[in-house]
Amino acid sequence: MGRPVDDYFEGFAAAGNFDHYAEAWSQIQGTASLNTPGYVTMTLRQPYGVVAAIIPWNVPVLFFSSKTAPALIAGNTVVLKTSEKAPLAAAKVAELVHKAGFPPGVFNIIHGHGLPSGAALAAHIDVRALSFTGSGRTGRLIQETAAKTNLKKVILELGGKSPVIVFEDADLELAVKDTMRSVQFNSGQVCMANS
């Protein structure tokens, strides 16, 4: 993507995601309510079961961790589909997953194009939740497919436009520098880059 190696932070950020969620497991709790007089209402948090994650090509290791770590720590199994444009980062992490000793079937990584791989995850009846980062068009297709099958929970992070607002009291030189960095970072291949 044209980014210098010394500007690569995703490995550290990904490790931080796994560290954070590894420590957060004890906070996954149910809740109790006394809304009905004479009754205690309890909500139990249970894993979905199979969670699918479809990640984009532009920062694959970071998306890999931000989608899989919370799903795994909540007791789900994961099927992660990489972008067909950037499968090698996830393939390397898959080696580490295997080396870490995850039981077979708990942490699964597949490669391939959206059609058929991503479409199969969106339609699969055993997938109970799906997280996708990518285009609005594909997000729409995923949501439609999920609604037509088992009405799985769908979490979408879709591309968009990000305006820059500079207030009168702002440091103009700093605003120009930060805006320029935002639009040029990662060769401008960031869905929230200033536009």
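As the structure is a computational prediction, the values presented were derived from the model and not from experiment.

The next subject is the packing of helix α1 (residues 10–24) against helix α2 (residues 60–73). Direction vectors running N to C along α1 and α2 enclose 5 degrees, while the axes themselves pass 8 Å from each other. Relative to α2, α1 is oriented roughly parallel. Taking contact as the criterion, the partners of E10, A13, A14, N17, F18, Y21 and A22 in α1 are, on α2, V61, L62, F64, S65, S66, T68, A69, P70 and I73.

Further remarks concern α2. With 14 residues, α2 should cover 20 Å at 1.5 Å per step; its first-to-last C-alpha distance of 20 Å lies within 8% of that length. Among the 14 residues that make up α2, 10 are buried, leaving the element largely enclosed by the rest of the structure. Once α2 ends, the next one or two residues include G75, with phi positive near 95 degrees.

For the rest of this paragraph, the subject is the side chain of K81. By the secondary structure assignment, K81 is in strand β4 (residues 77–81). Note on K81: relative accessible area 3%, which makes it buried. Those residues in contact with K81, other than ones at most four positions away along the chain, are A53, I54, I55, I110, G112, H113, G114, S117, G118 and L121.

I55, F64, V78, L80 and F107 are the most contacted members of the largest nonpolar core, which totals 15 residues. When residues of this core are traced back to their parent elements, those giving at least two are β3 (50–54), α2, β4 and α3 (88–100). The leading source of residues in this core is α2, at four residues. For F64, the residues in contact, after removing those within four places along its chain, are F18, I55, L80, A90, V93, F107 and I109.

Bringing the packing of aromatic side chains into the picture now. The way to describe two aromatic rings as a pair is by their centre distance and the angle between their planes. With the rule as written, the count across this model stands at two aromatic pairs. Residues F64 and F107 carry aromatic rings whose centres are separated by 5.6 Å and whose planes lie at 25 degrees to one another, so their mutual orientation is stacked. A residue pair is termed long-range when its members are at least 10 positions apart, and F64 in helix α2 and F107 in strand β5 (residues 107–110) qualify at 43 residues. This pair shows no difference in class: F64 is buried, exactly as F107 is. Residues F102 and F107 carry aromatic rings whose centres are separated by 5.3 Å and whose planes lie at 90 degrees to one another, so their mutual orientation is edge-to-face. A residue is classified by how much of its surface remains accessible, and F102, at 35% relative accessible area, is partly exposed. Each member of the aromatic cluster is reached from another via a ring pair, and the members are F64, F102 and F107.

Next up on the list: the environment of P56. Position of P56 relative to the elements: it lies in the loop between β3 and α2. For P56 and F132, which are 76 residues apart along the polypeptide, the C-alpha to C-alpha distance reads 8.3 Å.

Turning our eyes to something else, we now look at the environment of L44. Checked against the element boundaries, L44 lands in the loop between β2 (41–43) and β3. On the accessibility criterion, L44 (61% relative accessible area) is exposed. A C-alpha to C-alpha distance of 8.8 Å links L44 and A32, two positions 12 residues apart in sequence.

We now examine the confidence of the model for the protein chain. Averaged over the protein chain, the pLDDT score is 89; the fraction of residues at 70 or greater is 97%. When pLDDT is averaged over each element of the protein chain, β3 comes out on top at 98 and strand β1 (residues 31–33) at the bottom at 77.

Here we take up the pattern of salt bridges. Across all of its chains, the model carries two salt bridges by this definition. K81 is paired through a salt bridge with E84; the nearest N and O atoms lie 3.8 Å apart. Close ionic contact of K92 with E95 constitutes a salt bridge, the shortest N to O distance being 3.2 Å. In this pair, K92 and E95 are both assigned in helix α3, three residues apart and thus about one turn of the helix distant. According to the relative accessible area criterion, K92 is partly exposed, its value standing at 48%.

Cut-offs used in this document
Residues numbered from 1 in each chain as written. Predicted model: local features only at pLDDT ≥ 70, side-chain atom pairs only at ≥ 80, totals over all residues. Heavy atoms only, no water. Axes fitted to C-alpha atoms, helices over the stretch in contact; angles between N-to-C directions. Helix = DSSP H or I, 4+ residues; strand = E, 2+ residues; numbered from the N terminus. Parallel < 35°, antiparallel > 145°, perpendicular 65-115°, else oblique. Contact = heavy atoms within 4.5 Å. Expected span 1.5 Å × (residues − 1). Buried < 20%, exposed > 50% of the residue type's maximum accessible area, 1.4 Å probe, protein only. Core = buried A, V, L, I, M, F, W, Y, C linked by side-chain atoms within 4.5 Å. Phe/Tyr/Trp six-rings, centres within 6.5 Å; stacked < 30°, edge-to-face > 60°. pLDDT = per-residue confidence, 0-100. Salt bridge = Lys/Arg side-chain N within 4 Å of Asp/Glu carboxyl O.

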